[in-house]
Amino acid sequence: MFSGCATYYQQNAKLNALVQKGDFVKAREVLVAQGDSVSGKNRVLHQMNRGWIDHMLGNYQQSIAMLNKADLYIEDYQKNYASEAVAMLSNPGVKPYAPEDPEKVMVNYYKALDFLQLGDYQSALVEARRINQKLAELNDKYKGKKNRYANDAFAHVLMGLIYDASYDYNNAFIAYRNALTAYDSVYSQQFGIGAPAQLKADILRTAWLNGFNEELAFYEEKFQTKYQHTPNEGGTLVYFWENGFGPVKDEWSINFSKVGSDGGMAMIENAEYGMSFPVFLGNSKSSGGFADLNFLRVAFPKYIERQTVYKQATLKTAVGDVAFEKAQDLNAILFKTLEDRMVREMANSIARLAAKKAMEAAVREGDKNIGAVVGIVNAVSEKADTRNWQTLPSQISYAKVQLPVGEQTVELVFDGQTLIPIPVSIQKGKTAFKSFRSLESRLPQGR
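Secondary structure summary: the chain contains 15 helices and 12 strands in total. Among the 447 residues that make up the chain, the fraction classed as buried is 51%. Across the chain, the fraction of contacts at a sequence separation of at least 24, relative to all contacts at a separation of at least 6, is 74%. Roughly 20100 Å² of accessible area belongs to the chain as shown, and the carbon and sulfur atoms make up 52% of that amount.

In structure tokens form, the structure reads like this:
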């Protein structure tokens, strides 16, 4: 029981250390040694990590195969009512892991990147559309409930870029326009990210290419600019920069004190948070031991940020420097989504505590000593679910530039000093997609 007190991040210290120093070969060996358990409660986390590490190693087909397994798991996920019952009497970590909503979307993002590296733009588009489908399901799932992650602006950007690269300028315009709407209505207010300048330029360009004169005039006025079309004599490079690592889950707890009892029912409260609720502790005859307990603890999940080291990046090319623009902040989204459902988390945790105390009271009716042991087990097993996909980036930015045809080298510059040369091959009229992950980040601090 005491070894189970470690968080999921601490339990996977070896894997995390290898990933953070970029030793993906050994990290993959660690995961392969664990096996792809068919019934393991952490199966989907294993699959997502395997898929990401194969992506980083350039094993794109293997990455797609593993991420497909994760995607099928997400699609077919059903609550196991036996594990739900066990969780009510222990903690939610005993249940099969249900990915967070942004994690579900990132499965398709990485599959799309894999397909783009293989030159299969149509399959990449399928993955982008799957993101849209998942977002629609989220909207249905959270109707009437607080949820700030019901639309993903970056997913629409990705979709637009792929349509654009496939010469489908009509659908590219629609995707770019949807992205702008999401940035203006959700991202700017909730996550602090405004529409990238590149997105605005692509809206204007695709409106012109489609002959959408009214739309072009509308966005020229909205963006306070006049579009001048410049034919692309070479090719295009789209570069994604994934920065750092997203947050890790930990736990925090609330202590409740018993403020009154009537027969077998007791009222417990936490004055700091203004919370109180009744708990059954047994009838008045079963006094002694845990029946007289005046303090109870309930555990909840929380995120701990892994701060990024680099704040900005530039793409140096033969035609000039292009700044990367932030398009996605997974760190902010994950924090907000957990915050949005905290009321539900608290309700579940309080229901779990009530179930534990009811079981303890029932056992104590027969034997006070065994009842006391059950109380100790309940206290030790009270734990939040600290699992999450911990190899995700903190932020995603992108840069787009027109380049001359041929083999050439571009450079990534981080915070004006760190230079990384990257070879690229540009073909006339084609779009090349590249991505880079900065692994530098500050380790999570404290609990």
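More follows now that the structure is in view.
Turning next to the confidence of the model for the chain. When the pLDDT values of the chain are averaged, the result is 85; 79% of them are 70 or greater. This model gives residues 286-292 a pLDDT under 50, and the stretch forms 17 contacts once residues within four places in sequence are excluded.

All right, on to the packing of helix H9 (residues 153-165) against helix H11 (residues 197-210) then. The interhelical angle for the contact between H9 and H11, taken along N-to-C directions, is 40 degrees, at an axis separation of 12 Å. Viewed along their axes, H9 and H11 adopt a mutual orientation that is oblique. As for how H9 packs across H11, the hand of that crossing is left-handed. The residues of H11 that touch H9, namely those facing Val157, Leu161 and Asp164, are Leu199, Asp202, Arg205 and Thr206. Classifying every residue of the contact of H9 with H11 by side-chain character gives 3 nonpolar, 1 polar and 3 charged.

A few words now on the pattern of salt bridges. Per the counting criterion, the structure on display carries 18 salt bridges. Notably, a salt bridge pairs Asp71 with Lys111, separated by 3.0 Å at the nearest N-O pair. With Asp71 in helix H5 (residues 60-76) and Lys111 in helix H7 (residues 101-117), this pair connects stretches of sequence that are 40 residues apart. Overall, the relative accessible area of 3% leaves Lys111 in the buried class.

Our focus in this paragraph is helix H2 (residues 13-20). All buried positions along H2 are accounted for by Leu15, Asn16, Leu18 and Val19. Projected onto a plane normal to the axis of H2, the buried residues spread over an arc of 165 degrees and lie on a single side. Of the surrounding secondary structure, the elements contacted by the buried residues of H2 are helix H1 (8-11), helix H3 (24-34) and helix H4 (43-57). Count one or two residues on from H2 and you reach Gly22, which has phi positive near 80 degrees.

Attention now goes to the environment of Tyr219. Checked against the element boundaries, Tyr219 lands in helix H12 (residues 213-223). Separated by 42 residues in sequence, Tyr219 and Arg177 place their C-alpha atoms 9.9 Å apart.

Take the side chain of Asp54 next. Relative to the helices and strands, Asp54 resides in helix H4. With a relative accessible area of 1%, Asp54 lands in the buried category. Residues in contact with Asp54, not counting those within four places in the same chain, are Arg28, Asn59, Tyr60, Gln62 and Ser63.

Taken as a whole and judged by the stated rule, the model has 21 aromatic pairs. Ring geometry for Trp241 against Phe414: centres 5.3 Å apart, planes inclined by 35 degrees, an arrangement best described as tilted. Placement of the pair is Trp241 in strand S1 (residues 235-243) and Phe414 in strand S10 (residues 406-414), with a sequence separation of 173 residues. Ring centres of Tyr303 and Phe335 lie 5.6 Å apart, and the angle between their planes is 50 degrees; on these two criteria the pair is classed as tilted. Of the two residues, Tyr303 sits in strand S5 (residues 295-304) while Phe335 sits in helix H13 (residues 330-340), which places them 32 residues apart along the sequence. Clustering of aromatic rings is evident, with ring pairs tying together Tyr109, Tyr110, Tyr121, Phe154, Phe240, Trp389 and Phe433.

Take the sheet that holds strand S6 (residues 313-317) next. Taken together, 4 strands build an open sheet; the order of strands is S7-S6-S10-S11 and the sheet is antiparallel. Because the sheet does not close on itself, it has two edges, and the strands there are strand S7 (320-323) and strand S11 (418-426). Going across the sheet, the axis of each strand differs from the next one's by a mean of 25 degrees, ignoring polarity. Bridge analysis of S6 against S7 gives 4 bridges, and the strand direction is antiparallel. Residue pairing for S7: Lys316 is matched across the bridge by Asp321.

Quick notes on the rules
Residues numbered from 1 in each chain as written. Predicted model: local features only at pLDDT ≥ 70, side-chain atom pairs only at ≥ 80, totals over all residues. Heavy atoms only, no water. Helix = DSSP H or I, 4+ residues; strand = E, 2+ residues; numbered from the N terminus. Buried < 20%, exposed > 50% of the residue type's maximum accessible area, 1.4 Å probe, protein only. Contact = heavy atoms within 4.5 Å. Areas by Shrake-Rupley, 256 points an atom, 1.4 Å probe, with all protein chains shown as cover. pLDDT = per-residue confidence, 0-100. Axes fitted to C-alpha atoms, helices over the stretch in contact; angles between N-to-C directions. Parallel < 35°, antiparallel > 145°, perpendicular 65-115°, else oblique. Left-handed = near helix turned anticlockwise from the far one by under 90°. Nonpolar A, V, L, I, M, F, W, Y, C, P; charged D, E, K, R; others polar. Salt bridge = Lys/Arg side-chain N within 4 Å of Asp/Glu carboxyl O. Arc of directions from axis to C-beta. Phe/Tyr/Trp six-rings, centres within 6.5 Å; stacked < 30°, edge-to-face > 60°. Pairing = 2+ DSSP bridges.

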